[in-house]
Amino acid sequence: MSRIGRMPIAVPAGVTVDIAENNKVTVKGPKGTLERVLPAEMEIKQDGDTIVVSRPNDLKKMKSLHGLTRTLINNMVIGVSEGYTKALEVNGVGYRAQKQGNKLVLSLGYSHPVEMIDPEGLETVVEGNKISVKGIDKEKVGQYAAEIRTKRAPEPYKGKGIKYADEVIRRKVGKTGKK
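Owing to the predicted nature of the structure, the values given are computational and were not obtained by experimental measurement.

K.L.:
Help me understand the pattern of salt bridges in this model?
P.N.:
Side chains bearing opposite charge may pair, as long as their charged atoms lie close to each other. Using the criterion set out here, one finds 9 salt bridges in the structure. Here K24 and E35 are joined by a salt bridge, their closest N and O atoms 3.4 Å apart. Remark: E35 occurs in strand β4 (residues 32–37) and K24 occurs in strand β3 (residues 24–29); sequence separation between them is 11 residues. The shortest N-O distance in the salt bridge between K99 and D118 comes to 2.6 Å. Of the two residues, K99 is situated in strand β8 (residues 96–100) and D118 in the loop between β10 (114–117) and β11 (122–127); the sequence distance between them amounts to 19 residues. A relative accessible area of 28% means that K99 is categorised as partly exposed. You can call D118 buried: its relative accessible area is 11%.

K.L.:
Quick question: what am I supposed to make of unusual backbone geometry here?
P.N.:
The backbone of N22 shows a phi angle near 60 degrees, a positive value even though the residue is not glycine. The topology assignment puts N22 in the loop between β2 (16–20) and β3. Phi at N23 is positive, roughly 55 degrees, even though this residue is not glycine. Position of N23 relative to the elements: it lies in the loop between β2 and β3. A relative accessible area of 10% means that N23 is categorised as buried.

K.L.:
Looking at this structure, how should I read the nonpolar core?
P.N.:
Most often, soluble globular proteins have nonpolar side chains that are buried together. Core analysis: the biggest nonpolar cluster contains 20 residues, and V17, V25, V27, I44, I51 and I73 have the highest contact counts within it. When residues of this core are traced back to their parent elements, those giving at least two are β3, β6 (50–54) and α2 (60–81). The dominant element in this core, judged by the number of residues it contributes, is α2, at 7 residues. When sequence neighbours within four positions are dropped, the list of residues in contact with I73 reads I9, L38, I44, I51 and V53. Counting residues in hydrophobic clusters, the runner-up holds 19 residues, among them M116, V141, Y144 and Y164.

K.L.:
When you look at helix α3 (residues 138–150) in this model, what are you seeing that I'm missing?
P.N.:
Think of an α-helix as 3.6 residues a turn; residues three or four steps apart then line up on the same face. Taking 1.5 Å per residue, 13 residues should reach 18 Å; α3 reaches 18 Å between its end C-alpha atoms and fits that length. Against β7 (84–91), β9 (103–107), β10, β11, β12 (130–135) and β13 (161–164) lie the buried residues of α3. Sitting at the head of α3, D137 places a side-chain oxygen 3.1 Å from the backbone nitrogen of E139.

K.L.:
Looking at this structure, how should I read the pairing of β10?
P.N.:
Moving residue by residue along a regular strand, the side chains alternate between the two faces of the sheet. Across the two faces of β10 the burial differs, with V114 and M116 buried and E115 and I117 not buried at all. Examined bridge by bridge, β9 and β10 share 4 bridges and lie antiparallel to one another. Across the sheet, L106 pairs through a bridge with V114, a residue of β10. Hairpin connection between β9 and β10: a loop of 6 residues separates the two successive antiparallel strands, and G109 in this loop has a positive phi of roughly 85 degrees.

K.L.:
Hey, could you run me through the sheet that holds β2 in this one?
P.N.:
The pairing of strands in a sheet happens through backbone hydrogen bonds and is either parallel or antiparallel. Strands sit in the order β2-β3-β4 across an open sheet of 3 strands; the sheet is antiparallel. Two strands in the sheet have a free side with no partner beyond their single neighbour: β2 and β4. Taking each pair of neighbouring strands and ignoring which way they run, the sheet shows an average axis angle of 15 degrees. Pairing between β2 and β3: 5 bridges, direction antiparallel. What sits directly across from V17, in β3, is V27. On top of the sheet, α2 reaches β2, β3 and β4; it is set at about 170 degrees to β4, its chief contact.

About the cut-offs
Residues numbered from 1 in each chain as written. Predicted model: local features only at pLDDT ≥ 70, side-chain atom pairs only at ≥ 80, totals over all residues. Heavy atoms only, no water. Salt bridge = Lys/Arg side-chain N within 4 Å of Asp/Glu carboxyl O. Helix = DSSP H or I, 4+ residues; strand = E, 2+ residues; numbered from the N terminus. Buried < 20%, exposed > 50% of the residue type's maximum accessible area, 1.4 Å probe, protein only. Core = buried A, V, L, I, M, F, W, Y, C linked by side-chain atoms within 4.5 Å. Contact = heavy atoms within 4.5 Å. Expected span 1.5 Å × (residues − 1). Polar contact = N/O pair within 3.5 Å; in protein donor to acceptor, adjacent residues only side chain to side chain. Pairing = 2+ DSSP bridges. Axes fitted to C-alpha atoms, helices over the stretch in contact; angles between N-to-C directions.

What follows is the structure, encoded as structure tokens:
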């Protein structure tokens, strides 16, 4: 049995969950609304303030969909109640980030500044050399943070570039001169 799929999802106060036909789940909360169509084979039941996901049989595909479905619903519930944040750090001499309206402007050692417009439903906040991406959809927050990071991924010799706040860059020793 799936350990994660079996766990019930607690729905906090102020969050409503609607399960329509074809497993279309709509979650409304204080931060916004999220919608998602989940695999039709899974059975999603709501009793009171908990949601339970069950699977029809023990085929490998059903086992994997079981845990996935439960996690997706749980991420939606957490997103509309608390929201998600991804923190990035800009390291390097002359590397900086700034906000201009809904645009994130990055100076990353290229001949031009890199401009990124915040996607709908996401917000970026810049404080010094730290960028935080905030939103209610975990997938979108992670994806946009990854896109920002790819503009100048950290290099292993000096550690310059954009990295996640909790990321550890494995450093390499540079080349040595002649003796």
